[in-house]
Number of protein chains: 4
Amino acid sequence: MIKIGLLGCGRIGQVHARSIDQLDNVRITAVADAMPAAAEALAAKTGAKVLSPDEVINSPDVDAVVIGTPTDTHFDLIHSAAAAGKAIFCEKPIDMSADRIRACRTAVDAANVAFLTAFNRRFDPNFANLESRLRDGAIGDVELITILSRDPSPPPVSYIKTSGGLFRDMMIHDFDMARFLLAEEPVQVFAVGAALVDPEIGAAGDVDTAAVTLTTASGKICQISNSRRATYGYDQRVEVHGSNGLLRAGNVLENTVEIAGAQGFQQAPAQHFFLERYEAAYRNEMASFVTAIQNGTQPSPSLHDGLRAQVLADAAAASLESGLPVTLPAE
Amino acid sequence: MIKIGLLGCGRIGQVHARSIDQLDNVRITAVADAMPAAAEALAAKTGAKVLSPDEVINSPDVDAVVIGTPTDTHFDLIHSAAAAGKAIFCEKPIDMSADRIRACRTAVDAANVAFLTAFNRRFDPNFANLESRLRDGAIGDVELITILSRDPSPPPVSYIKTSGGLFRDMMIHDFDMARFLLAEEPVQVFAVGAALVDPEIGAAGDVDTAAVTLTTASGKICQISNSRRATYGYDQRVEVHGSNGLLRAGNVLENTVEIAGAQGFQQAPAQHFFLERYEAAYRNEMASFVTAIQNGTQPSPSLHDGLRAQVLADAAAASLESGLPVTLPAE
Amino acid sequence: MIKIGLLGCGRIGQVHARSIDQLDNVRITAVADAMPAAAEALAAKTGAKVLSPDEVINSPDVDAVVIGTPTDTHFDLIHSAAAAGKAIFCEKPIDMSADRIRACRTAVDAANVAFLTAFNRRFDPNFANLESRLRDGAIGDVELITILSRDPSPPPVSYIKTSGGLFRDMMIHDFDMARFLLAEEPVQVFAVGAALVDPEIGAAGDVDTAAVTLTTASGKICQISNSRRATYGYDQRVEVHGSNGLLRAGNVLENTVEIAGAQGFQQAPAQHFFLERYEAAYRNEMASFVTAIQNGTQPSPSLHDGLRAQVLADAAAASLESGLPVTLPAE
Amino acid sequence: MIKIGLLGCGRIGQVHARSIDQLDNVRITAVADAMPAAAEALAAKTGAKVLSPDEVINSPDVDAVVIGTPTDTHFDLIHSAAAAGKAIFCEKPIDMSADRIRACRTAVDAANVAFLTAFNRRFDPNFANLESRLRDGAIGDVELITILSRDPSPPPVSYIKTSGGLFRDMMIHDFDMARFLLAEEPVQVFAVGAALVDPEIGAAGDVDTAAVTLTTASGKICQISNSRRATYGYDQRVEVHGSNGLLRAGNVLENTVEIAGAQGFQQAPAQHFFLERYEAAYRNEMASFVTAIQNGTQPSPSLHDGLRAQVLADAAAASLESGLPVTLPAE
């Protein structure tokens, strides 16, 4: 039985609590949240104790912590948990600063604890199936990747202002997906973008529509595009063109019903809500973390993966700022 | 809080237990099964007491019973539960004999208890969405319905022998779906069939491949076909042709991944396992039962619906036997 | 160079003239039509001479005749052409009477001339591809066939009255498709139908919505449904369920454009006009006739195929009339 | 009756001859080709006279010329035809040098003759339908365009060497499509590329895999990717993300047949041959040219469109060379 301390009992913390509830051999023993009511509510559901974050981390009744608190608290919590020798599951982004993520990596490596960066999309059954077939050589060598991500609607401008910008807040998922599928580190990033959805987003110094080109040393190319708006649902598609064929993963529609009339044949929109769309992904992600702890192996995606996605997001932001491609050093 | 007594702790009983676990305001308080180990296992998971069926039915701590025992026990359990004034959720078929189902109806009507016949497919989000749009007039009047059902592989011949035959065991779901969508009672049934999948099924007096034509008094037509084998998954499709268009619900594929190569574009097979395919349907079915009890309304599909599907199955079997169409009296 | 005499210069005659124009080694040398203007117009386009039907048939400058005249003239034209030793391409139906078709067969067999019954759908690239893969064993043995045909809108009631009825006028194509794909003669026909689209069609003694079940001696089943109305285009689908899988041919949509919005993802309607939908089929049909003449082989579908489709249509009409299945003798 | 002089009787010249043959009120009166046999063959089919290019251009029996000769001859032929006052249909690219195209534009403008640059894809029924709906506001304002083009297999390296490179030879179609759909001039081009398909293409100084990002002054973005290889057919897709939805045009598959088995559901590959894929586009393109001449309007795409696509290709090549985005001046 793996005993989990849950740090953060907000929306994402509750998602992880549900995933843990559906897994065997794991349970939540302690929870903490800056909002006492949130912690109490989750404690009532799970039978966990409400403690302070430090108490959770240092509890002998906690083997691993799941960090779902605000991003600016991750740094300290990771350092404490590493010092306490606890396995760590940390929501993305690990931190807004790549250098601070590197510091976390040093602490985690020194403590030799398990660490999973919670890029949930790697665990979506569709994307995971695609990646697995790609690894098995189903379409030969990767040559061109196209990633399209569109959110149903933009977050409030107040959120945008503290989000770190589209590249660090939204496209970071696509940067991780690109690295997952390329299986080779991008060496160059070129970004363009504009505020086409909402001029207030532009006034806040961000873009809501953007496109990035990544290239690797061997010449592989990945094109990513993002929009903060999609009238037809949560649009998340990946397409890999390889030497022997094409692999792609499409949207999950609300249902399989089709209606036909004079205008043609109409299928349902894509599922709109990311928690519904990625329900299985969240469950598989937690299962993968628990299995790694049980087997004594390193979870994936790693802290390094979390760092590299952040480095790509930083480079994209710099490219948009300068108008020039940005070259990435290896690390 | 609705308190449920679960009669039958086998595979389908466990499915219903999981559904109940995911609903608010309802819990299992008592379980019974002819196999003590099965009852104990489910009791351990749910915190329910293990009792005899009679004790479950008569427990003051039970508001409603969920009957998932072998078909030949339904008749007595329904009578006892009705006598005890408990709401009843009963797996299909209610009984192999239409006359005995009529006797159950008399008992249930006399006791004025809630009764749901568990035709799970009505609660599948896809079929439910289709039916709801049909009712809303999305394609005008129903004219022609096509229902195709194919199981991944036939059950053991030993099961076939006691199953009541393909029409009562498998196509009964399609008969209920036909009534659900026609919204008008079929008045004639014509059936053909053969043992094409496995000659042993034929030797056992049954068919594994069959087609039925239903007609209503106003001239609406429904064609159903069944096969006990489908290499590409659990195939369940419905198509309604109406005066203003077409509505259809397709299969649920294993994932959204597509691969393209010299042979063309390939999508995943249909989900193979009915418990996975109809997971949401089972959950919605139980939620609908609980809501009806809470609201004091009659659940649907009713005992009458269970009876009429059985009458259609009997008529199809008689038509296959005689080679002639069978006319159905109203009731 | 094969020299063609075209009998009938109406819409279908013009279709065949266009097909001939696109083929090498074949040209129209003579045309005839009861309407002189129609014959003159086609003669002007093709460089053919305008003659009487008898002159066309007996012209030394004519190797083969294409019969596209009204159905009631086919009998005499076939007899004359057979007597003159000319190859014959004849529009369906060959005749409204199966016995008269048998008489034509006697004459054609005696004269030993090539004869093609113009069931154009066998030559549609989609249906032809499906049939060819079926023959190659792509899905093992045929078990269940589903054929759905819906016309965009009914013909005028005046046409209905002289059409021979839905089974002989519309479903005859599906009867031929069923025989093409079953590769085994149906031995029983059961039909139901109603006038749901237009009560005037019912008043004229016909149905506009119908369903037929065919069975073969080995137990194979074919379900056919027809409607005289489809708001979403010309709907022609075929699905074959076999021991190792499924083969199906879908509709041809007007274009590949898809639009997505709050209502979902919408594709174009099916092509509405049969001459557009089956343009390639008509061309391939004529090419097949010409190739058979050049190679000295018998064209397909044969006069026997034309007869058997008519026999099935007659049986369906008799079944609808009697309400009982009709058994077919072999011939 | 429009009288056409056909300059160039090779593969593309024969395509245009077939298109003309299917149109009313237009015919080919004169042909020319550096290979006498090619000219003679086409003359035999069409009844045209074989002349020298100059004779064709200056023939009083020629209203318009169709230029399908090698690219390096276009400049002189355009100047001669403009001087002779003939309408001009010219294959793309007009010339490999943007400055020489500007010189052609000066000559054509001075002569005030009709000129169509033969970007055939604008006339594909699918892309044309998409563009027309876009213009009608079906999805609001254009924000992001994704264009994916993949050829079934690379041309011979000998061809590559004189082709002007992937951007001018292959992606030029996509540059024109981008301008067609953006309806706003791109102001910046960024290109990446590599020789991943065949190292000999790299040795010849070209790339076979490339991606380009275009941006407009108002912030609209277009991502294009090209590969010289696709195992699954001729892959040509366009997707436009707008403020109110999505419009996309997909591939044309070889047929509508689908086969299902244990591996899933498989559709046909995309049509492989561009002359088959764009058969209707070539016909519509010629019809549009002829209609413009008849109506005395300017054909589209114009010589200016031909120039701008070439300017974009030049900029992409420069961007690939420098590794930097290239800014485009207006003209």
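Since the model is a prediction, treat every value here as computed from it, not as a measurement. For every chain, the first residue of the written sequence is number 1, and numbering continues from 1 along that sequence. Key to labels: chains lettered from A, ligands numbered from 1, both in the order written. Since the coordinates come from a predicted model, pLDDT governs what is reported: local features require at least 70, and pairs of side-chain atoms require 80 or more to be given and counted, while whole-chain, interface and lining totals use all residues. Only hydrogens and water are set aside; all other atoms, that is, all heavy atoms of the structure, feed into the side-chain values.

### Some thoughts on the interface of chain D and chain A
On the chain A side, the residues contacting the 42 residues of chain D number 42 residues. By definition, a salt bridge exists where a carboxyl oxygen of Asp or Glu is found within 4 Å of a side-chain nitrogen of Lys or Arg. The tally of links between chain D and chain A comes to six salt bridges. Each polar contact in these results corresponds to two N or O atoms within 3.5 Å; when the atoms are within protein, one needs to be able to donate a hydrogen and the other to accept it, and residues that are neighboring in sequence are counted only if both atoms are side-chain atoms. Put simply, chain D and chain A have 19 residue pairs in polar contact (both at pLDDT 80 or more) between them. Each residue is assigned to one of three groups, with Ala, Val, Leu, Ile, Met, Phe, Trp, Tyr, Cys and Pro labelled nonpolar, Asp, Glu, Lys and Arg labelled charged, and all others, Gly among them, labelled polar. Grouping the constituent residues of the side of chain D that touches chain A by class yields 17 nonpolar, 18 polar and seven charged. Contacts were defined at the residue level, with two residues in contact if any of their heavy atoms lie within 4.5 Å.

### As for the side chain of A:Ser19
Numbering of helices and strands starts at the N terminus; helices are DSSP runs of H or I of at least 4 residues and strands are runs of E of at least 2. Positionally, A:Ser19 belongs in helix α1 (residues 11–21). Each residue touching A:Ser19, except ones within four places of it in the same chain, is listed here: A:Tyr282, A:Arg283 and A:Met286.

### Comments concerning the relation of the copies chain D and chain A
Between the two copies of this chain, the relationship is a rotation about some axis together with a displacement along it. To line up the copies, we fit them by least squares on C-alpha atoms, keeping just the residues with pLDDT of at least 70 in both. Overlay of chain D on chain A (RMSD 0.0 Å): rotation 180°, translation along the axis 0.0 Å. In short, the pair behaves as if placed about a two-fold rotation axis. Minimal C-alpha separation from the rotation axis in chain D is found for D:Leu324, amounting to 3.3 Å. Residue by residue, 100% of the interface of chain D is reproduced at the interface of chain A, so both copies engage with the same surface.

### Thoughts on the sheet that holds strand β4 (residues 64–67) of chain C
All names here are of chain C. When DSSP locates at least two bridges between a pair of strands, those strands are taken to pair. In space, the six strands of this open sheet follow the order β3-β2-β1-β4-β5-β6, with parallel pairing throughout. Each edge of the sheet is formed by a strand with only one pairing partner; in this case those strands are β3 (49–50) and β6 (115–118). Where β4 meets strand β5 (residues 87–91), four bridges bridge the pair, whose relative direction is parallel. Residue Val66 lies in a different strand from β5, and its bridge partner there is Phe89. Helix axes are fitted only over the stretch in contact, all axes being lines through C-alpha atoms; the angle between N-to-C directions runs from 0 to 180 degrees. In this fold helix α12 (residues 279–295) packs onto β1 (2–7), β2 (26–32), β4, β5 and β6, with an angle of close to 160° to the strand it touches most, β5.

### A closer look at the interface of chain C and chain B
Tallying the contact residues gives 42 residues for chain C and 42 residues for chain B. A 1.4 Å probe defines the accessible area here, and the buried area is the portion of it lost by two parts on being joined, summed over both. Counting the surface lost from both chain C and chain B, the interface buries some 3,000 Å², and carbon and sulfur atoms represent 59% of this. On the surface where chain C and chain B come into contact, there are six salt bridges.

### Things to note about empty space enclosed by the protein
Any space left empty among the atoms is revealed by the rolling of a water-sized probe across them. Residue and element names in this part refer to chain B. Both site types are read off a 1 Å grid over the protein atoms alone. A 1.4 Å probe that fits but cannot get out defines a cavity, while an open set with protein on both sides within 12 Å along at least five of seven lines defines a pocket; lining residues have an atom within 4 Å of a point. Grid points are joined across faces, edges and corners, and a volume is the space filled by probe spheres set on the points. For the coordinates displayed, the defined rule picks out four cavities of 30 Å³ or more. Put simply, the largest cavity is a space of about 60 Å³. Contributions of two or more residues to the lining of the largest cavity are made by β7 (142–150), α9 (172–182) and β11 (235–242). Here the residues of the lining of the largest cavity are counted per class, giving five nonpolar, three polar and three charged.

### Regarding the environment of C:Asn251
With respect to the helices and strands, the residue C:Asn251 is situated in the loop between β12 (245–249) and β13 (257–261). A C-alpha to C-alpha distance of 21 Å links C:Asn251 and C:Ala118, two positions 133 residues apart in sequence. If we skip the residues at most four places from it in the chain, C:Asn251 touches C:Tyr234, C:Asp235, C:Gln236, C:Arg237, C:Ala270 and D:Thr256. Only 2.8 Å separates the side chain of C:Asn251 from the side chain of C:Asp235, close enough to count as a polar contact. At 2.8 Å, the side chain of C:Asn251 forms a polar contact with the backbone nitrogen of C:Gln236.

### Digging into a negative patch on the surface
Patch definition: residues above 30% relative accessible area lacking any salt bridge, with like charges linked at up to 9 Å and the nonpolar side chains Val, Leu, Ile, Met, Phe, Trp and Tyr linked at up to 5 Å. Reported accessibility uses the Shrake-Rupley method at a 1.4 Å probe radius. Residues are deemed covered only where the shown protein chains occlude them. By the counting rule applied here, Lys and Arg register as positive and Asp and Glu as negative, while His and the ends of each chain are not counted. All charge positions are set by atom: Lys at NZ, Arg at CZ, Asp at CG, Glu at CD. Together, A:Glu254, A:Glu276, A:Glu279, B:Glu254, B:Glu276 and B:Glu279 make up a region of like negative charge exposed at the surface. Position of B:Glu254 among the secondary structure elements: in the loop between β12 (245–249) and β13 (257–261).

### Regarding the domain arrangement of chain A
All names here are of chain A. Annotation of chain A at the domain level lists domain 1 (2–113) and domain 2 (122–276 + 309–327). Between the C-alpha centres of domain 1 and domain 2 there is a distance of 28 Å. It is Arg11, Lys92 and Met96 in domain 1 that bury the most area against domain 2; as a group they hold 61% of the surface buried on that side. The tally of links between domain 1 and domain 2 comes to zero salt bridges. Run the count over domain 1 and domain 2 and you get two residue pairs in polar contact (both at pLDDT 80 or more). With three residues, the top contributor of residues to the side of domain 1 that touches domain 2 is helix α5 (residues 98–111). Its residues placed into classes, the side of domain 1 that touches domain 2 shows five nonpolar, no polar and four charged. These domain boundaries are the output of an automatic or database domain assignment.

### Focus: the pattern of salt bridges
Applying the stated criterion to the full structure yields 83 salt bridges over all chains. C:Arg150 is paired through a salt bridge with B:Glu239; the nearest N and O atoms lie 3.8 Å apart. Placement of C:Arg150 in strand β7 (residues 142–150) and of B:Glu239 in strand β11 is noted, with the two residues assigned to different chains. Relative accessible area serves as the criterion here: at 9%, B:Glu239 is assigned to the buried category. For C:Arg168, the salt bridge is made with C:Asp314, and the minimal N-O distance between the two is 2.7 Å. Residue C:Arg168 is located in helix α8 (residues 166–169), and its partner C:Asp314 is located in helix α13 (residues 303–322); the two are separated by 146 residues in the primary sequence. Given a relative accessible area of 21%, C:Asp314 falls into the partly exposed group. Each of A:Arg122, A:Asp176, A:Arg179, A:Glu185, A:Asp305 and A:Arg308 takes part in one network of salt bridges that share partners. Only protein chains enter the accessibility calculation, which uses a 1.4 Å probe; a residue is then buried when its area is under 20% of its type maximum, exposed when over 50%, and partly exposed in between.

### Observations regarding unusual backbone geometry
Look at the link from A:Ser300 to A:Pro301: it is a cis peptide, with omega at 0°. As for its placement among the helices and strands, A:Pro301 is situated in the loop between α12 (279–295) and α13 (303–322). Residues D:Lys92 and D:Pro93 are joined by a peptide bond in cis, for which omega reads -10°. Mapping D:Pro93 onto the fold places it in the loop between β5 (87–91) and α5 (98–111). Phi is positive for C:Asn25, which is not a glycine, with a value near 65°.

### A word on the confidence of the model for chain A
Scored by pLDDT, chain A has a mean of 96; 100% of the residues are at 70 or more. The ipTM for the predicted assembly is 0.95, set against a pTM of 0.96. On a range of 0 to 100, pLDDT expresses the predictor's confidence in each residue.

### Some points on the packing of helix α1 (residues 11–21) of chain D against helix α12 (residues 279–295) of chain D
Residue and element names in this part refer to chain D. Close contact between α1 and α12 brings their axes to 9 Å; oriented N to C, the two are set at 65°. One finds that α1 runs roughly perpendicular with respect to α12. The way α1 lies across α12 gives a crossing that is right-handed. Contact with α1, carried on its side by Ile12, Val15, His16, Ser19 and Ile20, involves Tyr282, Arg283, Glu285 and Met286 of α12 and no other residues of that element. Its residues assigned to classes, the contact of α1 with α12 shows five nonpolar, two polar and two charged. Oblique is the label for any angle not covered by the other classes, which are roughly parallel (under 35 degrees), roughly antiparallel (over 145) and roughly perpendicular (65 to 115). Crossing handedness is defined as follows: a turn of the near helix away from the far one that is anticlockwise and smaller than a right angle gives a left-handed crossing, while the clockwise case is right-handed.

### Focus: the sheet that holds β5(D)
All names here are of chain D. Strand order in the open sheet made by the six strands is β3-β2-β1-β4-β5-β6, with parallel pairing throughout. Strand pairing shows two members of the sheet lacking a second neighbour, β3 (49–50) and β6 (115–118), which therefore form its edges. Here two bridges tie strand β2 (residues 26–32) to β3, and the two strands are oriented parallel to one another. Bridge pairing in β3 places Val31 opposite Val50.

### What to know about the pairing of β1(C)
Residue and element names in this part refer to chain C. Of all six residues that make up β1, six are buried, and the element is covered over most of its length. Neither face of β1 is exposed, since Ile2, Ile4 and Leu6 on one face and Lys3, Gly5 and Leu7 on the opposite face are all buried. The pairing of β1 with β2 spans six bridges and is parallel. Within β2, the residue paired with Ile2 across the bridge is Val26. Relative to β4, β1 runs parallel, the two being bridged by four bridges. In the strand pairing of β4, Leu6 is matched with Val66.

### Points about the relation of the copies chain C and chain B
Mapping chain C onto chain B calls for a rotation angle of 180° and an axial translation of 0.0 Å; the resulting RMSD is 0.0 Å. In this assembly, 100% of the residues forming the interface of chain C have copies in chain B that are likewise at the interface, indicating an isologous arrangement.

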